[in-house]
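Analysis of the macromolecular model
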Amino acid sequence: MKNRVTGLGGFFFKAKDPDASKSWYNQHLGLDTDQYGCTFWWKDKQGNDFSTQWSPMDQKTEYFQPSEKQFMMNFRVENLEELLKVLKAEGVEVVGEMETYDYGKFGWILDPEGNKIELWEPVDQVFLDQKEKDKE
């Protein structure tokens, strides 16, 4: 496969009080936080709009399992179905089944350190449409 990871999709971490964390980052670092955390908007080399999500999550979340780590990275990828097949053939541990939503496809793997990695084949238009609605 030529392209695997195309960018950072998000960074998620456990927090004792996610709302207090969002408030602190808003107040002291100027992050424009909402119920999910903060969405960073950027452009690729071709000038296309993309986003990266930063999200504190409840320390009791089970979303990172089977990893016991305090964080999970999300990478933007192309052709997730094919990538998961290739990774499995390469001996990478695939966690769970791929899930599909209107905003993209998700799959999960574990790296050699036991970090759960979320792979996301995004449907960016969903977020761009929401961004435009938020401006209104």
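Throughout what follows, the structure given in this document is the object of discussion. (Residues numbered from 1 in each chain as written. Predicted model: local features only at pLDDT ≥ 70, side-chain atom pairs only at ≥ 80, totals over all residues. Heavy atoms only, no water.)

Buried residues dominate strand S4 (residues 49-58), accounting for seven of its 10 residues. By the bridge criterion, six bridges tie strand S1 (residues 5-15) to S4 in an arrangement that is parallel. Directly across from phenylalanine 11, in S4, lies its bridge partner tryptophan 54. Across six bridges, strand S3 (residues 37-43) lies against S4 in antiparallel orientation. Across the sheet, residue lysine 43 finds its bridge partner in S4, namely aspartate 49. Hairpin connection from S3 to S4: five residues lie between these consecutive antiparallel strands, with glycine 47 at a positive phi of about 90°. (Buried < 20%, exposed > 50% of the residue type's maximum accessible area, 1.4 Å probe, protein only. Helix = DSSP H or I, 4+ residues; strand = E, 2+ residues; numbered from the N terminus. Pairing = 2+ DSSP bridges.)

Attention now moves to the sheet that holds strand S2 (residues 33-34). With respect to topology, eight strands assemble into an open sheet ordered S2-S3-S4-S1-S5-S8-S7-S6, the strand pairing being mixed. Edge positions in the sheet fall to S2 and strand S6 (93-101), since each of these pairs with one other strand and no more. For S1 and strand S5 (residues 71-77), the ladder comprises seven bridges, and the chain directions are antiparallel. For valine 5, the partnering residue across the bridge sits in S5 and is valine 77. Seen against the sheet, helix H1 (residues 18-29) touches S1, S2, S3 and S4 and runs at an angle of roughly 130° to S4. (Contact = heavy atoms within 4.5 Å. Axes fitted to C-alpha atoms, helices over the stretch in contact; angles between N-to-C directions.)

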